[in-house]
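Here are the chains, one letter per residue:
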Amino acid sequence: MIQRLSVPLLALLSAAFMHAQPQATIYGDIIGKGGRPKLAVTDFKGAGAAAAFMSTFNGTLFSDLQKSGLFDMASKSYYPTAQPQSPNDFHPPGGAEIAPEWSGPPVNASHLAFGYAADQGGTFVLYGYLFDLHQSTIQGAQALAKRYFETMNDDGARKGAHEFANDIIAFFGGGSLTGTKIYFVSNRGGSEEMWVMDYDGSNQHQLSHNRGINIMPAVSPDGSLVAFTSYRHGRPQIDILETAGGRLRTFLNPDASVNANPAFSPDGRFLYFASSLAGPEQIYRSTITGGGLTRISHSKAVETEPKVNPKNPNQLVFVSGRTGPEQVFMMNSDGLDVERLTDGTGEASNPCWHPDGQHILFSWTRGYAKGDWNVFLMDVASRRYDQLTHSEGRNENPVWAPDGRHLVFGSNRSGSYQIWTMLADGTALTRLTNLGQNKQPVWSK
Amino acid sequence: MLKMNSRGAIGVMVMMAALAVGCKKNAPVAPAAPAPVPTTGENTNPGSMGRPTIVSFTVEPTTVERGQSATLKWSVTNATSVIIDHGIGSVDVSGQRTVVPADSTTYILTASSENGSTSARATVNVTVPAEAPEKAPRAKEGFEQQIGHLQDAYFDYDSNDVRSDAQTALTADAATLKQIFADFPSATIIVEGHCDERGSAEYNLGLGDRRASAAKDFLVQLGVPSDKLKTVSYGKERPVCTEATEDCYQRNRRAHFSAGQ
């Protein structure tokens, strides 16, 4: 049975969720039940030469924790004036909680991150602590106590902040985005080429250089290969590049007018893709060199965008016109048990599995005019879905970050096609690209 | 010998005839004058008494259209040889001959004997029927120029059906293509498939491919060689316009032709 939440009801439930009520949003399902921790983060002080870099450190630390989407960040305007730097600074009054000035109103924090930076012979030494404030003893409260050694400069301060934030995030079971990369299409050089950048938009550089049309990338699970659709031989065919160094791998395309939209199997050994070998595009599988070609789907419609469930290599979602306009379907990897996931209204495309293997992101025009795409999130088992964007331009190609909380997508909301990230609840919206037109991102570990 | 010329002989005969009439009864019958003895030598043949004469030399009708026939007629006397030019040659002293001149022609008949020769003319006017001016030889246009004459075929949304206006365009294109391949036997032509910008780029790659294939199949059924047409889908990657209007959307939903490698 397909159930759908109306937007106002969703908003009400989201608000309820924020106050640790039982989750009804699908996003709530994803990030786990029990409510988000309310985290307070002090302004770390630095001694000696370290003092000059604390502004950078504190800004990076707070931002990383906020953007993780794991926490309800307690506003600094309510903090007590006396901020602890080490466990010695705590003076439990002898009640149920060691620091009611932090865990009670107005701060109401459940956890406190604090520490300081020392200058030890020119090395930036960071002391970082995480306390669970709902404990009655300092010993019981200590969740993390770590030391980090960095270079005595802004880069070192920033790095220390990233590492401490990652450790806090990992403690709460969240994945980190540090080191992850986004592959995308950019035409800023005059032709549509493969590009790559860090998760936060830094270090953008070009990967393919054939001055043709290169579109629709997919990255292997280990991040070592990017497969995409290229016109360098005149017609859309599949190319595979090594991400470290850009060397082209050999892939034997079937002799068809279109071979496109490749996607890797979870073990990285197979490629699923769309091919017009039999007439209309259908779903095929081969090894990553093109051997063992096997036809998967069997219809007379255009079918494309196969995506393998990361938790179940025998299950695919894909896009098909077999019931009319393009819709998102699911089937087994042997082509059997085909079911339509979207309800047939509008047009649906760009499905992407969540790392949990139970949810998908996709683009849909439901509720809007043709071409007016929005990002949706669906629980596959129940078919319940949430609408994550609301016609701020066209919003397409949503892809989960490895942390399963962030997503990257393409949007023309700024007036040109650019790449944006956000948390699945719509917060932490960040624009990553500016030059040229940029689209079709995929996120790799 | 008594040499009498014809006049003298006739005189004697007249005199004798008169005597015969007046002296019928007892007149003594005068002995008949001796018949004139033919003399040998010239003027012995009563027919050959002068130079050849072309009694008549005509052609009918005197005006014909090219391809029609006319008849020469002639009658000649006192000739031992009658010749007509324009390849007709030696003929009898009288007769007729059918001729089919390609252009206005004057025939000359020459009659001759030992007494001389004479000739006469007969002219046939040949008209050319009014016809379209002969076409200037077809200038062979350049390859790109000829491709420029190929019309696009347009499609409905999310469809690759070749609707009737597209059939009209492709039917004209079939003729143009055959001419192109006759002029440039080693050429290939690309049939491109395009979509408007509203569907997803991924699905439109497939839909553009369907459109290119449908256009190609239609052309092949009209006799355009299949191996000279290559299909390429551009999905929505190469629009001809970018306005968000129905008119622009339709202009993009097309099969289009371009030069092959």
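What you see is a predicted model; the values in this text were computed from it and never measured.

1. Some words on the overall build of chain B
1) Next: For chain B, the count of helices and strands is 5 helices and 12 strands.
2) Next: The buried share of chain B, taken over its 261 residues, is 38%.
3) Next: In chain B, the share of contacts with a sequence separation of at least 24, taken over all contacts with a separation of at least 6, comes to 64%.
4) Next: In the structure as shown, chain B presents an accessible area of about 15400 Å², 53% of it carried by carbon and sulfur atoms.

2. Considering the domain arrangement of chain A
All names here are of chain A.
1) Next: Under the domain assignment used here, chain A contains domain 1 (30-171) and domain 2 (181-444).
2) Next: Just the C-alpha atoms count here: the centres of domain 1 and domain 2 sit 38 Å apart.
3) Next: In this complex, domain 1 contributes 10 residues to the contact, which on the side of domain 2 involves 13 residues.
4) Next: Contact between domain 1 and domain 2 buries roughly 720 Å² in total, counting both sides, with carbon and sulfur atoms accounting for 60%.
5) Next: Among the residues domain 1 hides against domain 2, the three largest losses belong to I30, K67 and S68. Together they make up 65% of the total.

3. Considerations on the packing of helix α3 (residues 164-183) of chain B against helix α4 (residues 201-221) of chain B
Residue and element names in this part refer to chain B.
1) Next: At a minimum axis separation of 9 Å, α3 and α4 run at an interaxial angle of 60°. With respect to their mutual orientation, α3 and α4 come out oblique. Both α3 and α4 take part in a crossing whose hand is right-handed. On α4, the residues that touch Q167, L170, T171, D173, A174 and L177 of α3 are A215, F218 and L219.
2) Next: Tallied by class, the residues present in the contact of α3 with α4 amount to 6 nonpolar, 2 polar and 1 charged.

4. Structural notes on the sheet that holds strand β30 (residues 438-444) of chain A
Residues and elements named next belong to chain A.
1) Next: Read across the open sheet, the 4 strands follow the order β9-β8-β7-β30; overall the sheet is antiparallel. The open sheet terminates on both sides in strands that have one partner only, identified here as β9 (205-206) and β30.
2) Next: Direction of pairing for strand β8 (residues 193-198) relative to β9: antiparallel, over a ladder of 2 bridges. Its bridge partner lying in β9, W195 is registered against Q206.

5. Comments concerning the sheet that holds strand β26 (residues 395-400) of chain A
1) Next: Spatially, the 4 strands line up as an open sheet ordered β26-β27-β28-β29 (chain A), and their pairing is antiparallel. Of all the strands in the sheet, just β26 and β29 (430-431) of chain A have a single pairing partner and so form its edges.

6. Re the environment of A157 of chain A
Residues and elements named next belong to chain A.
1) Next: Here A157 is to be found in helix α6 (residues 154-171).
2) Next: For A157, a relative accessible area of 0% puts it in the buried group.
3) Next: Contact partners of A157, with chain neighbours within four places excluded, come to F53, T56, F57, F124 and T151.

7. Examining the state of the cysteines
All names here are of chain B.
1) Next: One pass over the structure, following the stated rule, counts 1 disulfide over all chains.
2) Next: Sulfur-sulfur distance for the disulfide between C241 and C248 comes to 2.1 Å. Handedness of the C241-C248 disulfide follows from its S-S torsion of about 115°: it is right-handed. For the pair shown, C241 and C248 are each scored as buried.
3) Next: Its sulfur unpaired, C195 is 13 Å from the next cysteine sulfur, which belongs to C248.
4) Next: Exposure remark for C195: the relative accessible area of 3% places this residue in the buried category.

8. Things to note about the interface of chain A and chain B
1) Next: Taken together, the 37 residues of chain A in the interface contact 21 residues of chain B.
2) Next: Where chain A abuts chain B, roughly 2100 Å² becomes buried across the two surfaces, and 54% of that area is made up of carbon and sulfur atoms.
3) Next: Our count for the contact surface shared by chain A and chain B stands at 2 salt bridges.
4) Next: The interface formed by chain A and chain B holds 12 residue pairs in polar contact (both at pLDDT 80 or more) in total.

9. Here we look at the packing of helix α3 (residues 54-67) of chain A against α6 of chain A
All names here are of chain A.
1) Next: Two numbers describe how α3 lies on α6: the axes approach to 8 Å, and their chain directions differ by 30°. The angle between α3 and α6 places the two elements in the roughly parallel class. As for the relative orientation of α3 and α6, their crossing is right-handed in sense. Judged by residue contacts, T56, F57, T60, L61, D64 and L65 of α3 engage D154, A157, R158, G160, A161, H162, F164, A165, I168 and I169 from α6.
2) Next: Residue classes in the contact of α3 with α6 are distributed as 9 nonpolar, 4 polar and 3 charged.

10. Things to note about the pairing of strand β12 (residues 254-259) of chain B
Residue and element names in this part refer to chain B.
1) Next: In this sheet, β12 lies alongside strand β9 (residues 153-154) in antiparallel orientation, the contact comprising 2 bridges. Bridge pairing in β12 links A153 to A255.
2) Next: The sheet contact formed by strand β10 (residues 189-194) and β12 spans 5 bridges and is antiparallel. Looking at the pairing, I190 lines up with S258 of β12.

11. Points about the side chain of S200 of chain B
1) Next: Looking at where S200 of chain B falls in the secondary structure, it is placed in the loop between β10 and α4.
2) Next: A polar contact is formed between the side chain of S200 of chain B and the side chain of E326 of chain A, at a distance of 2.7 Å.
3) Next: Once residues within four sequence positions are removed from consideration, S200 of chain B is found in contact with E305, E326, S349 and W373 of chain A together with K236 of chain B.

12. A short note on the nonpolar core
1) Next: In terms of nonpolar packing, the biggest core is built from 48 residues, with L361, L377, W400, L407 and W443 of chain A touching the most fellow members.
2) Next: Judged by nonpolar contacts, the second largest core, of 45 residues, contains M73, A109, Y127 and I168 of chain A.

13. Here we look at α6 of chain A
Residues spaced three or four apart along an α-helix face the same direction, because each turn holds 3.6 residues.
Residue and element names in this part refer to chain A.
1) Next: In this model α6 runs 26 Å from its N-terminal to its C-terminal C-alpha over 18 residues, within 8% of the 26 Å that 1.5 Å per residue would give.
2) Next: For α6, the elements touching its buried residues are α3, β4 (111-120), β5 (123-132) and β6 (142-151).
3) Next: Its side-chain oxygen 3.3 Å from the backbone nitrogen of D155, N153 forms the N-cap of α6.
4) Next: One or two residues past the end of α6 sits G173, with phi positive at roughly 85°.

14. With respect to α4 of chain B
1) Next: For α4 of chain B, built from 21 residues, the straight-helix expectation of 30 Å at 1.5 Å per residue is met to within 8% by its first-to-last C-alpha distance of 30 Å.
2) Next: One or two positions beyond α4 of chain B, positive phi appears at G223 of chain B, with a value near 100°.

15. Quick word on the side chain of D198 of chain A
Residues and elements named next belong to chain A.
1) Next: Relative to the elements of secondary structure, D198 occurs in strand β8.
2) Next: A relative accessible area of 17% means that D198 is categorised as buried.
3) Next: Looking at D198, its side chain comes within polar contact range of the side chain of K181, at 3.0 Å.
4) Next: With residues up to four places along the chain from it excluded, the contact list for D198 reads T180, K181 and N203.

So, how was this worked out
Residues numbered from 1 in each chain as written. Chains lettered and ligands numbered in written order. Predicted model: local features only at pLDDT ≥ 70, side-chain atom pairs only at ≥ 80, totals over all residues. Heavy atoms only, no water. Helix = DSSP H or I, 4+ residues; strand = E, 2+ residues; numbered from the N terminus. Buried < 20%, exposed > 50% of the residue type's maximum accessible area, 1.4 Å probe, protein only. Contact = heavy atoms within 4.5 Å. Areas by Shrake-Rupley, 256 points an atom, 1.4 Å probe, with all protein chains shown as cover. Domains from an automatic or database assignment. Buried area = accessible area lost by both parts, 1.4 Å probe. Axes fitted to C-alpha atoms, helices over the stretch in contact; angles between N-to-C directions. Parallel < 35°, antiparallel > 145°, perpendicular 65-115°, else oblique. Left-handed = near helix turned anticlockwise from the far one by under 90°. Nonpolar A, V, L, I, M, F, W, Y, C, P; charged D, E, K, R; others polar. Pairing = 2+ DSSP bridges. Disulfide = S-S within 2.5 Å. Salt bridge = Lys/Arg side-chain N within 4 Å of Asp/Glu carboxyl O. Polar contact = N/O pair within 3.5 Å; in protein donor to acceptor, adjacent residues only side chain to side chain. Core = buried A, V, L, I, M, F, W, Y, C linked by side-chain atoms within 4.5 Å. Expected span 1.5 Å × (residues − 1).

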